[in-house]
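# Structural description and commentary
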Amino acid sequence: MTTSAQGPDQASDQVTDRGTSAGPTQGRPTANAMRRALKRARDGVALDAGEASVLLQARGEDLKDLCASAARVRNAGLEAAGRPGVITYSRGVFIPLTRLCRDKCHYCTFVTVPGKLRRDGHGMFMSPDEVLDIARRGAEMGCKEALFTLGDKPEDRWPEAREWLEAHGYDDTVSYLRAMAIRVLEETGLLPHLNPGVMSWTDFQRLKPVAPSLGMMLETTAERLWSEPGGPHYGSPDKEPAVRLRVLEDAGRSNVPFTSGLLIGIGETYEERAESLFALRRIQRAYHGIQELIMQNFRAKPDTAMRGMPDAELEELAATIAVARHIMGPSTRIQAPPNLVDGEYALLIDAGIDDWGGVSPLTLDHVNPERPWPQIEELTERCATAGFELRERLPIYPEFLQRGEPWLDPRLLPHVRALADPETGLAVEDAPVVGRPWQEPDEGFAMHSTGRTDLHRTIDTDGRTTDRRDDFDEVYGDWEALREAAAPGMAPERIDADVRQALSQAADDPTKLTDPEALALLHADGPALDALCEIADDLRRATVGDDVTYIVTRNINFTNVCYTGCRFCAFAQRRTDADAYTLSLSQVADRAQQAWDVGAVEVCMQGGIHPDLPGTAYFDIARAVKERVPGMHVHAFSPMEVVNGATRTGMSIREWLSEAKAAGLDSIPGTAAEILDDEVRWILTKGKLPTATWVEVVKTAHELGIRSSSTMMYGHVDQPRHWLGHLRLLAEIQQSALSHNVEGFTEFVTLPFIHTNAPVYLAGIARPGPTARDNRAVTAMARLLLHPYITNIQTSWVKLGADGAAEMLRSGANDLGGTLMEETISRMAGSSYGSYRSIQDLIAIADQAGRPARPRTTTYGPVPQERHSTALASDGHLPELLPVVE
């Protein structure tokens with residue numbers, strides 16, 4: 001699986017000669033510094049960046065010493081993995097899907113231009129027939145991996161690429177790549193490993209179901225090599241180090257077995273190379289998703305801007321491998337491309353590699369075509385001479401197969417299991433490589449009801465089985481790294497500001513509040529907070545009147561099986577956990593019917609991201625409700641679920657939402673927002689959608705006439721400045737929608753963080769929820785900052801109780817939400833306020849605030865008299881399946 005980095009470019013810019021392959025001329029470390037660093041490596045002491053940069057310069061006897069200690073670390077890792085003395089490789093074919101690219105890397109001969117492709121008789125992309133021809137021939141020769149290599153987003157640079165994709169029915173290169181991966185799986189049985197370059201979080205969701213592994217070389221974190229004219233990556237937007245690091249983090253968040261690595265000798269200093277290795281270690285510790293690292297040595301090529309640069313010497317490569325082994329530890333697999341080492345196999349084995357990457361008996365290395373692959377028989381002999389056995393592996397390493405969910409999509413399991421040794425996880429070398437179906441079940445969502453399906457009722461009587469999952473220490477990432485990142489939010493910062501001036505502006509015209517004034521008010525306390533809430537309540541009265549609204553609704557959480565890894569969520573369970581459950585379609589429809597029978601006008605349906613759930617299952621769920629209860633408003637599927645459905649089906653978000661609307665979806669909940677600031681989101685959640693994707697889903701829904709709520713969960717690792725940014729963003733979205741005659745958000749819902757069973761709190765990272773002051777300030781400021789765009793502000797009796805909700809009604813809120821009938825998510829987190837409130841209970845909360853109450857629909861319209869009468873007649877006398885809290 002050699003994800004060779006020496007790809008894309010036809011640039012003519014000359015690269016500055018930096019004197020050595022490792023960058024600007026550097027002084028050799030002193031003998032004392034080398035001795036100290038070598039001793040620390042021998043003793044197994046963690047190296048720092050300075051010591052690593054010293055060891056990267058080890059040569060001669062020093063290098064032998066360094067390699068000996070690195071080899072011991074490697075050997076310990078192989079022993080722990082259950083394959084001592086084994087070096088692996090992957091037998092595969094290389095498929096250069098397109099040689100066009102938007103980048104201009106100055107060392108690349110892989111990339112070409114449209115005119116040259118035409119002159120040589122090639123299309124802008126390989127055709128499906130060309131792709132399948134290579135894959136079929138590879139399968140006949142016993143290959144098991146199809147390694148797709150291609151340039152980054154060529155359609156962004158080349159009109160010819162965009163025209164080719166459009167003519168063949170694809171939105172972008174990733175869409176075509178996904179389609180070809182599916183065809184290779186179905187028609188040849190080879191396992192795709194995809195290297196499309198820089199990928200977004202959404203791209204990972206699109207590609208993970210069709211490939212057991214993906215990859216992208218980090219290459220270097222030396223920003224100057226990208227930003228300065230003459231640098232090897234100058235003019236290449238996808239080679240910005242921060243962008244590439246974000247890709248590695250998104251891969252980890254998405255539970256994708258990922259390949260990365262360094263390209264050494266392109267002008268970086270030893271210090272910069274060490275920094276790159278430590279950046280990889282940081283990401284690996286946070287997500288444990290890097291299955292292998294490639295250490296690749298730069299080789300100058302004719303007809304490139306870097307043709308005059310010296311090659312990275314093999315001793316330099318060996319030192320880099322050994323230092324990488326010490327920094328990354330025994331469990332990370334480290335690889336060197338065997339066709340770039342000039343026969344010095346023993347040197348690299350001694351340095352600590354345990355994998356040779358992809359080796360093809362059929363196709364050349366398209367990125368280094370001048371370097372033929374060694375024969376597998378020769379590799380076998382060289383490994384044996386060094387005391388190792390060469391074994392074939394699959395694109396996904398055994399360790400990731402053993403982890404199981406969520407690292408491998410269920411639709412790929414039959415393909416992988418057909419080729420994997422069940423004992424070792426390595427390849428069965430003589431396994432027949434034949435195509436197998438890759439598809440959603442033809443019958444749609446036919447999952448049987450399983451597990452604790454009465455959890456919606458028994459959560460109030462029997463509670464949770466345990467307060468945490470038994471994989472608590474692994475599933476959410478590196479708690480120590482998270483604790484460091486979250487430290488600033490553990491104690492909310494205070495600011496000194498002129499609150500009186502801010503209050504005056506809020507009372508006069510809240511739309512003119514500056515950010516400093518808004519922040520001052522978000523920090524208000526004592527008499528200033530009382531004044532703020534009074535101003536907000538006056539604005540509420542002037543905007544929507546005194547009526548407190550509520551809706552007769554039922555929550556239906558159709559599954560709690562989820563592997564997204566949200567650290568605030570106590571609802572998600574693995575399928576094997578005692579509290580896990582999944583409802584059948586008939587159970588969903590039954591609950592909707594029950595709700596209708598007692599006067600409901602809405603069902604709110606959300607669930608976990610179940611790995612077996614087809615992307616079309618959401619359509620089936622909406623359709624099941626509408627077929628059973630045609631008049632019921634279906635308020636369902638968070639933006640995270642929308643993205644999951646879209647990426648699993650291969651549809652765009654717009655296409656998926658259109659299909660969902662046709663199936664019966666009326667509106668979507670604006671949950672999965674938490675805090676719309678990725679600084680906070682990546683502490684709160686491992687794998688949930690980023691802010692930009694949430695915004696894309698909501699805006700697209702609004703454009704299609706699918707309205708949504710909006711929410712904010714606060715009081716964990718956030719600060720008032722994050723609340724301000726979140727509210728400003730929501731106001732901006734709604735203002736834009738209204739300016740285009742799009743109705744957009746129906747309401748804003750405040751969601752105080754429930755800490756009791758939340759993993760991020762149990763790990764000692766989050767605060768124990770917001771204070772009473774926080775709740776009042778957030779409610780009041782939501783009223784002021786969202787005015788006049790979002791006029792309905794909802795408070796949550798589930799999270800605050802009756803007294804707390806009444807207080808929020810005096811602080812700017814005008815809505816109490818719903819009767820719910822069942823509520824599992826907050827109750828699993830530890831809320832003590834039950835799962836159901838009768839209409840009379842909600843009226844009593846409004847009475848407590850001194851206000852009248854009236855029912856509403858999802859979109860805040862009047863409720864038909866028949867519905868209201870039915871609800872009143874059934875109030876407090878719900879069917880047996882529905883929990884009633886006394």
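The sections below set out a description of the structure shown in this document. This is a predicted model, so every value here is computed, not measured.

## Regarding the overall build of the protein chain
Along the protein chain, the regular secondary structure elements total 35 helices and 21 strands. The proportion of buried residues among the 886 residues of the protein chain is 64%. In the protein chain, the share of contacts with a sequence separation of at least 24, taken over all contacts with a separation of at least 6, comes to 79%. Put simply, the protein chain shows about 30,700 Å² of open surface, and 49% of that area lies on carbon and sulfur atoms.

## So, the environment of Thr700
With respect to the helices, strands and loops of the structure, Thr700 is situated in helix 28 (residues 691–703). For the pair Thr700 and Glu655, spaced 45 residues apart in sequence, the C-alpha separation works out to 9.9 Å.

## A short note on the pattern of salt bridges
Summed over all chains, the structure comprises 54 salt bridges. A salt bridge links Asp120 to Lys116, with the nearest nitrogen and oxygen atoms 3.1 Å apart. When its relative accessible area of 44% is taken as the criterion, Asp120 is described as partly exposed. Lys116 sits in the partly exposed class, given a relative accessible area of 38%.

## With respect to the packing of helix 22 (residues 526–544) against helix 31 (residues 772–785)
Two elements in contact, helix 22 and helix 31, have axes whose closest approach is 9 Å; the angle formed by their N-to-C orientations is 40 degrees. Comparing their axes, helix 31 and helix 22 come out oblique. For the pair helix 22 and helix 31, the sense of crossing is left-handed. Taking contact as the criterion, the partners of Leu529, Asp530, Leu532, Cys533, Ile535, Ala536, Leu539, Arg540, Thr543 and Val544 in helix 22 are, on helix 31, Arg773, Arg776, Ala777, Ala780, Met781, Arg783 and Leu784. Grouping the constituent residues of the contact of helix 22 with helix 31 by class yields 11 nonpolar, 1 polar and 5 charged.

## Topic: helix 26 (residues 653–663)
Of all the positions in helix 26, only Ile653, Trp656, Leu657, Ala660 and Ala663 are classed as buried. Viewed along the axis of helix 26, the buried residues span an arc of 120 degrees, placing them on a single side of the element. Those residues of helix 26 that are buried lie in contact with helix 24 (617–628), helix 25 (639–649) and helix 28. Looking one or two places after helix 26, you find Gly664, whose phi comes out positive at around 130 degrees.

## Some details on empty space enclosed by the protein
In the structure shown here, the tally under the stated rule is 8 cavities of 30 Å³ or more. Surrounding the second largest cavity, 22 residues form its lining, Gln205, Lys208, Ile609, Asn644 and Arg648 being those nearest its centre. Every element with two or more residues in the lining of the second largest cavity is listed here: helix 8 (201–207) and helix 25.

## Some thoughts on helix 28
Taking 1.5 Å of rise per residue, the 13 residues of helix 28 would be expected to cover 18 Å, and the 18 Å separating its terminal C-alpha atoms lies within 8% of that figure. For helix 28, the set of buried residues is Thr691, Thr693, Trp694, Val695, Val697, Val698, Thr700, Ala701 and His702.

## Topic: the environment of Asp62
On the secondary structure map, Asp62 appears in helix 3 (residues 60–80). Residues Asp62 and Arg35, spaced 27 residues apart in sequence, show a C-alpha to C-alpha distance of 8.4 Å. The contacts of Asp62, once residues within four sequence positions are left out, are Met34 and Leu38.

## A short note on the packing of aromatic side chains
One pass over the full model with this rule turns up 14 aromatic pairs. Ring plane angle 85 degrees and centroid distance 5.5 Å describe the contact between Tyr345 and Trp356, whose orientation is recorded as edge-to-face. Note that Tyr345 is positioned in helix 13 (residues 345–351) and Trp356 in strand 8 (residues 355–359), a separation of 11 residues in sequence. Each member of the pair Tyr345 and Trp356 is classed as buried. Taking the centre distance of 6.3 Å and the plane angle of 75 degrees together, the rings of Phe558 and Tyr618 count as edge-to-face. Residue Phe558 is found in the loop between strand 12 (553–557) and strand 13 (581–582), and its partner Tyr618 is found in helix 24; the two are separated by 60 residues along the sequence. Classification of Phe558 by relative accessible area gives buried; the value is 1%. A relative accessible area of 0% places Tyr618 in the buried class. Taken together, the ring pairs connect Phe558, Tyr618, Phe619, Phe637 and Trp656 into an aromatic cluster. Positioned above the aromatic ring of Trp682, the side-chain terminus of Arg253 is 3.7 Å from the ring centre.

## A word on the side chain of Arg648
Position of Arg648 relative to the elements: it lies in helix 25. Within the structure, the side chain of Arg648 is placed 3.4 Å from the side chain of Asp409, a separation counted as a polar contact.

## Comments concerning the nonpolar core
Formed by 126 residues in total, the largest nonpolar core has its most connected members in Met605, Phe637 and Trp694. Among all residues touching Phe637, those that are not within four sequence positions of it are Phe558, Met605, Gln606, Tyr618, Ile621, Ala622, Val642, Trp656, Leu665, Ile668 and Pro669. Of all hydrophobic cores here, the second largest spans 120 residues; its members include Leu38, Ala161, Met199 and Ala336.

## Observations concerning a negative patch on the surface
Among the surface-exposed residues, Glu163, Glu166, Asp171, Glu655 and Glu659 lie close enough to one another that they form a single negatively charged patch. Broken down by secondary-structure element, the contributors of at least two residues to the negative patch are helix 6 (159–167) and helix 26. Structurally, Glu163 can be placed in helix 6.

## Comments concerning the pairing of strand 1 (residues 86–98)
The buried fraction of strand 1 is high, at 12 of 13 residues. The pairing of strand 1 with strand 9 (residues 389–393) spans 5 bridges and is classified as parallel. Considered in strand 9, the bridge of Ser90 is made with Arg393. Alignment of strand 1 against strand 8, held across 3 bridges, turns out to be parallel. The partner of Arg91 across the bridge, within strand 8, is Val359. Here 6 bridges tie strand 1 to strand 2 (residues 145–150), and the two strands are oriented parallel to one another. Within strand 2, the position partnered with Thr98 by the bridge is Leu150.

Criteria and thresholds
Residues numbered from 1 in each chain as written. Predicted model: local features only at pLDDT ≥ 70, side-chain atom pairs only at ≥ 80, totals over all residues. Heavy atoms only, no water. Helix = DSSP H or I, 4+ residues; strand = E, 2+ residues; numbered from the N terminus. Buried < 20%, exposed > 50% of the residue type's maximum accessible area, 1.4 Å probe, protein only. Contact = heavy atoms within 4.5 Å. Areas by Shrake-Rupley, 256 points an atom, 1.4 Å probe, with all protein chains shown as cover. Salt bridge = Lys/Arg side-chain N within 4 Å of Asp/Glu carboxyl O. Axes fitted to C-alpha atoms, helices over the stretch in contact; angles between N-to-C directions. Parallel < 35°, antiparallel > 145°, perpendicular 65-115°, else oblique. Left-handed = near helix turned anticlockwise from the far one by under 90°. Nonpolar A, V, L, I, M, F, W, Y, C, P; charged D, E, K, R; others polar. Arc of directions from axis to C-beta. 1 Å grid on protein atoms, 1.4 Å probe; cavity = no way out; pocket = protein on both sides within 12 Å on 5 of 7 lines; lining within 4 Å. Points joined across faces, edges and corners; volume = space filled by probe spheres on them. Expected span 1.5 Å × (residues − 1). Phe/Tyr/Trp six-rings, centres within 6.5 Å; stacked < 30°, edge-to-face > 60°. Lys NZ or Arg CZ within 6 Å of the ring centre and 35° of its normal. Polar contact = N/O pair within 3.5 Å; in protein donor to acceptor, adjacent residues only side chain to side chain. Core = buried A, V, L, I, M, F, W, Y, C linked by side-chain atoms within 4.5 Å. Patch = residues over 30% accessible without salt bridge, like charges linked within 9 Å, V, L, I, M, F, W, Y side chains within 5 Å. Lys, Arg positive; Asp, Glu negative; His and termini not counted. Charge placed at Lys NZ, Arg CZ, Asp CG, Glu CD. Pairing = 2+ DSSP bridges.

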